[in-house]
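Residue-level structural notes
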Amino acid sequence: MSAENRAYENDVPVTSFSTTVDDDPYEEVQLGFEKVDVESSVGSSQIPKPYAGMPKEILLHYSRRRHFVWARNILTGAVILTILILFSMVIALIAVSPACQYYWQTSPIYQVYPKSFRDSDNDGTGDLKGIQEKLDYFENLGVTTIWLNPVYKSPQKDNGYDVEDYRDIDPLFGTLQDMEDLINEMHNRGMKIIMDFVPNHSSDQHQWFNASSNPNHPDHETFKDYYIWVNSTNGTSAGTPNNWQSVFSDVETSAWEWNENRQQFYYHAFYKEQPDLNLRNPAVQQELKDIFSYWVDLGVDGFRCDAVGFMLEATHLRDNPVVDPTKPLSYENVYPDYTENQMGIHDIVADWKVLLKKGSSEPGVYRFMETEVYDDVDVVTRYYGTEIVQEADLAMNFLFIDLGSGSQWTGTSVESTVLSWMRNMPSGRWPNWVIGNHDNSRVVTRLGEQKAKLAAVLTLTLSGTPGIYYGEEIGMMNNPNVSDSDFRNPERTPMQWSAEVNAGFCSNCTPWLDVSDTYETAGLNVKDLSNANDQTSMLNLYKYLIQLRSDVTFVRGTLCMLYATDQMIAFVREMPGTESKLVLINFDLNNQTRINLRDLFPNLPVSGSFVFSSLTGQSGEQVMFDSVDAEPGEAKVVQFKVGGNANLFNKQSNMADRCFTAKKVCVNVLGLLEMC
């Protein structure tokens, strides 16, 4: 055994590292390691090589050698620099990254008419448990946001829009616990629920009206001014205050109804069983805010606010101007100058927005609001608010419904409709499009099946949020066999789930409205259409378009309206850093259309890749832009790469008033989104 190994036998120093203080050569090391020179203290021949378990003195000896010190300093500096660079990159990415989009922007909003969607207890009326049973269907369709028509406790004079209790569920639909279960299950699936909110009027069975209309009611003093009460002009029921007309003037001779108990008239913009609330009363406004808060606390994600344009009336009670004095008074024959869109309504809506923003403070929570107003586009879009004062997230857009029947759907009329909305909508706000709802004939009934498919392609590829009225995705039509006092009920018939009895809406029951026989005669039901191997069926068309819409270019990209004739329309969705998408729709059901887009737009490349056709399904073949054609009644989507950002359509000077985006977003070289 060598002398060195003998000195460190059993890894314990036996001679050279005495612990005696008087002559301990490492006293300085033990007291602070100042000016340590181990080699001069013990001799270089006595310093062992590094080994496992070496004492700190030996470790310090080697670690303080110059090359080790430099290596440590360089590595430490490199680590700190890397951390600073990464931290700076994170800050920079956050600074330039666009905000995440909200659920009401990324998903279509699917309208469920609860009475007609799914009956779980076979009483003939759809209910909340029935909706919960069908959540898998929404997920399969690609929808995550659902709007429910009213499910509040109600006498059902106007199918739930006559609310008897804003804080309870009508027994027709289930219980409050059923509503909570539906909300919780939807949230567990990452889905969102929007409720219909009815602020303009209540039912005449509401406790507020009971107290307000009866001077002997113990709560009369509290509620006497919750509604709009006006004296008779002659002290009798014949002395109506003015010529104001109900929306339902075909069955209501006036918007004023005499009340014997109060010996006064009350105002009702809709049915007489729906007295208008007095929203000039601060107590009424607070009641409505409390109702918002009640449902927010239960987990409701947003509200569709009904008939907000009717919420205030002029206090001077002047007659509305008459359109044609030679014709009888009716809602259509008066200008609603003093009964709709009065000053002060926007302040009320803005207050609601402030309240809902307070309910959106938790991470991942956003309380959505949209407003329903039927009026000229410049009036409707004001409900978005201003740059300073926010109002609705969406002002509901009914322009495609107003466009009329199939013959009126031409390339030029559709382009004019789109441009009208986009040019009137405040800058930076989010558009929306619907082609049907519970108050209007179904889209297939109005347009025919082929044009209804074209309308679906249009709304699901334009920028903004599309709305889907239940059953549109399977091509449901009005049921002409429905004979009912409500002229709107033919478009509200039960959802057609299968070819089983009552279209699978319920079994062993009598549905509240007759089911259309098309679930059998035409195979218009979810089950048969799902099983059919047909890419171009209405249901598969909707599924594909909803999936296609999830592409970042469709969700966030700029919309540029390129070209339109009576026969066809062409528009582009584009975003720097991604491939652009051309949408070409031929509204002519009899003739092919062919267009040389390169001649009109030299910034286009020579060709693109065919993505989708409403007639043939998906394809990947090449499309030459100097000869783009579409068959009669065909919609096409073509994908292409521009030759640099300078060739984007929104960069062309002649497209300045034809390109629109809420926020300019790009995809950078890393494939990440950023503001641009």
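Residues numbered from 1 in each chain as written. Predicted model: local features only at pLDDT ≥ 70, side-chain atom pairs only at ≥ 80, totals over all residues. Heavy atoms only, no water.

This paragraph deals with the pairing of strand β2 (residues 145-148). Burial along β2 is two-sided: the face carrying Thr145 and Trp147 and the face carrying Ile146 and Leu148 are both buried. For strand β1 (residues 109-112) and β2, the ladder comprises 4 bridges, and the chain directions are parallel. The residue bridging Gln111 from the neighbouring strand is Trp147, located in β2. The pairing of β2 with strand β5 (residues 192-197) spans 4 bridges and is parallel. Directly across from Ile146, in β5, lies its bridge partner Ile193. (Buried < 20%, exposed > 50% of the residue type's maximum accessible area, 1.4 Å probe, protein only. Helix = DSSP H or I, 4+ residues; strand = E, 2+ residues; numbered from the N terminus. Pairing = 2+ DSSP bridges.)

Here the focus is the sheet that holds strand β13 (residues 465-469). Hydrogen bonding along the main chain pairs the strands of a sheet, whether they run parallel or antiparallel. As summarised here, the arrangement of the 8 strands in space is β11-β10-β9-β5-β2-β1-β13-β12, forming an open sheet in which the pairing is parallel. Two strands close off the open sheet at either side, each with one partner strand: β11 (394-395) and β12 (432-433). Pairing between β1 and β13: 3 bridges, direction parallel. What sits directly across from Ile109, in β13, is Gly467.

Attention shifts here to the state of the cysteines. Evaluated as defined, the whole model comprises 3 disulfides. A disulfide bridge connects Cys560 with Cys659, and the sulfur atoms are separated by 2.1 Å. The chirality of the disulfide connecting Cys560 with Cys659 is right-handed, given an S-S dihedral of about 120 degrees. One end of the pair, Cys560, is in strand β14 (residues 558-564); the other, Cys659, is in strand β23 (residues 659-660), with 99 residues separating them in the sequence. Neither residue differs from the other here; Cys560 and Cys659 are each classed as buried. Each sulfur in the disulfide pair Cys666 and Cys676 lies 2.0 Å from the other. Taking the torsion about the sulfur-sulfur bond, which here is approximately 115 degrees, the covalent link between Cys666 and Cys676 counts as right-handed. Highlighted residues: Cys666 in strand β24 (residues 665-667) and Cys676 in the segment after β25 (673-675), separated in sequence by 10 residues. Classification of Cys676 as partly exposed rests on a relative accessible area of 47%. By sequence-ordered numbering of the bonded cysteines, the protein has its disulfides arranged as 1-2, 3-4, 5-6. (Disulfide = S-S within 2.5 Å.)

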